[in-house]
Amino acid sequence: MGIVVIGSLNMDMVVRTVRAPEAGETLFGQGFALSPGGKGANQAVAAARLGAELTMVGRVGKDTFGGELLEIMRQEGIHIEHISVSDKLVTGVASIVLEENGENRIIVVPGANIELNVEDIQKLTSVISSAELIMLQLEMDLAMSECAIAIAHSHGIPVILNPAPARVLSDEMLSQVTYLTPNETEAGILAGIAVSSLETAKQAAQILLQKGVQHVIVTMGSKGALIVNHEGVQHIPGFPVQAVDTVAAGDSFNGALAQQLTSGKILKEAVSFANAVGALTVGKAGAIPSLPWLAEVEQFLKQEAARLE
């Protein structure tokens, strides 16, 4: 069965502009593009392009965007038999304003994504229980996500939870998570403290460990990632690159982490590899279009190793 991703499928509507407008202000943009995305779809494609076997669980609308997303998943070699089609809601969309410095502002309209519910997931117990690992995000119904994690936990299946968009989660849910992958903002919200440095990221992660998470991996962009677990704290450096578009950087990291862990890599190696995948992703525009293939990552790592010699 490989990796099972339970998550969102969206069509991203990307506007490029020098800077985001102020309230009441109108600006001319430099470009517009439709780009397939959604945190679940991004993470699934990221792992599939690195060689993982992927099954996607999600929901789209009975519309053009939904049909396009299903076809893209199929082309990526992802099993799509558990992506259902809503009769009532449209496919999820994300409106993205991308500034020239690479920063982005995103509004997500979840549409059909939010319709996938607890009853749907309970019917997929056999799919979850036969996975090597399951991966979730928080663009879906929270009760459904809690149910999926509980099923995986009860069957001893490792869980990666990327807690984005950030929201407060129950200690019970967190205690069933094997790998929690917040960015600095998300770590702060989950732990209830402000995170602005390696030290405060470490403090937040230790609070989350006390809630029962086995491994907390705080992603910190160009600063790399911080692994905090009961064995200690490790800072895994990032890779210096020029950011073109930060959309899907975290998703590519998570997809790479899942692929590496199911390939038998130790956590430190998996996170370093995932940092490289994230660095490559921010060097290209778009969500799914920016996700690298395994050969690209291997070439990048060779170049980085040569540069440091």
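Above: the structure in question.
We now turn to the structure provided with this report. (Residues numbered from 1 in each chain as written. Predicted model: local features only at pLDDT ≥ 70, side-chain atom pairs only at ≥ 80, totals over all residues. Heavy atoms only, no water.)

### Things to note about the overall build of the protein chain
1) Next: A count of helical and extended segments in the protein chain gives 11 helices and 13 strands.
2) Next: Taking 19 Å as the expected radius of gyration for a compact globule of 309 residues, we find that the protein chain reaches 18 Å, a close match to that expectation.
3) Next: If you line up the protein chain on its principal axes, its C-alpha atoms span 50 × 45 × 40 Å.
4) Next: Residues classed as buried in the protein chain amount to 53% of the 309 residues present.
5) Next: Across the protein chain, every contact between residues at least 6 apart in sequence was considered, and the portion connecting residues at least 24 apart equals 67%.
6) Next: Split by element, the accessible area of the protein chain, about 13,200 Å² in all, is 54% carbon and sulfur.
7) Next: Charged side chains of the protein chain number 19 positive and 33 negative; the gap between the two group centres comes to 2 Å. (Helix = DSSP H or I, 4+ residues; strand = E, 2+ residues; numbered from the N terminus. Rg over C-alpha atoms; globule rule 2.2 N^0.38 Å. Buried < 20%, exposed > 50% of the residue type's maximum accessible area, 1.4 Å probe, protein only. Contact = heavy atoms within 4.5 Å. Areas by Shrake-Rupley, 256 points an atom, 1.4 Å probe, with all protein chains shown as cover. Lys, Arg positive; Asp, Glu negative; His and termini not counted. Charge placed at Lys NZ, Arg CZ, Asp CG, Glu CD.)

### Focus: helix H11 (residues 294–308)
1) Next: With 15 residues, H11 should reach 21 Å at 1.5 Å per residue; the first-to-last C-alpha distance of 21 Å fits that figure.
2) Next: Among all positions of H11, only Val 297, Phe 300 and Glu 304 are buried. The buried side chains of H11 occupy one side of the element, clustering within an arc of 65 degrees when seen end-on. Seen from the open side of H11, the exposed residues pointing more than 90 degrees away from its buried face are Ala 295 and Lys 302. (Expected span 1.5 Å × (residues − 1). Arc of directions from axis to C-beta.)

### As for the pattern of salt bridges
1) Next: Evaluation of the coordinates by the stated rule reveals 11 salt bridges.
2) Next: Between Arg 59 and Glu 115 there is a salt bridge; the shortest N-O distance is 3.3 Å. Taken together, the residues span a long stretch of sequence, with Arg 59 in strand E4 (residues 54–61) and Glu 115 in the loop between strand E7 (104–109) and helix H3 (118–122) at a distance of 56 residues.
3) Next: Overall, Arg 59 belongs to the buried group, its relative accessible area being 12%.
4) Next: Two residues, Lys 211 and Asp 171, come together in a salt bridge whose shortest N-O distance is 3.1 Å. In this pair, Lys 211 is assigned in the loop between helix H8 (198–210) and strand E11 (215–219) and Asp 171 in helix H6 (residues 171–174), connecting sequence segments 40 residues apart.
5) Next: The exposure class of Lys 211 is partly exposed, given its relative accessible area of 25%.
6) Next: One network of salt bridges, with partners in common, ties together Arg 59, Glu 115 and Asp 120. (Salt bridge = Lys/Arg side-chain N within 4 Å of Asp/Glu carboxyl O.)

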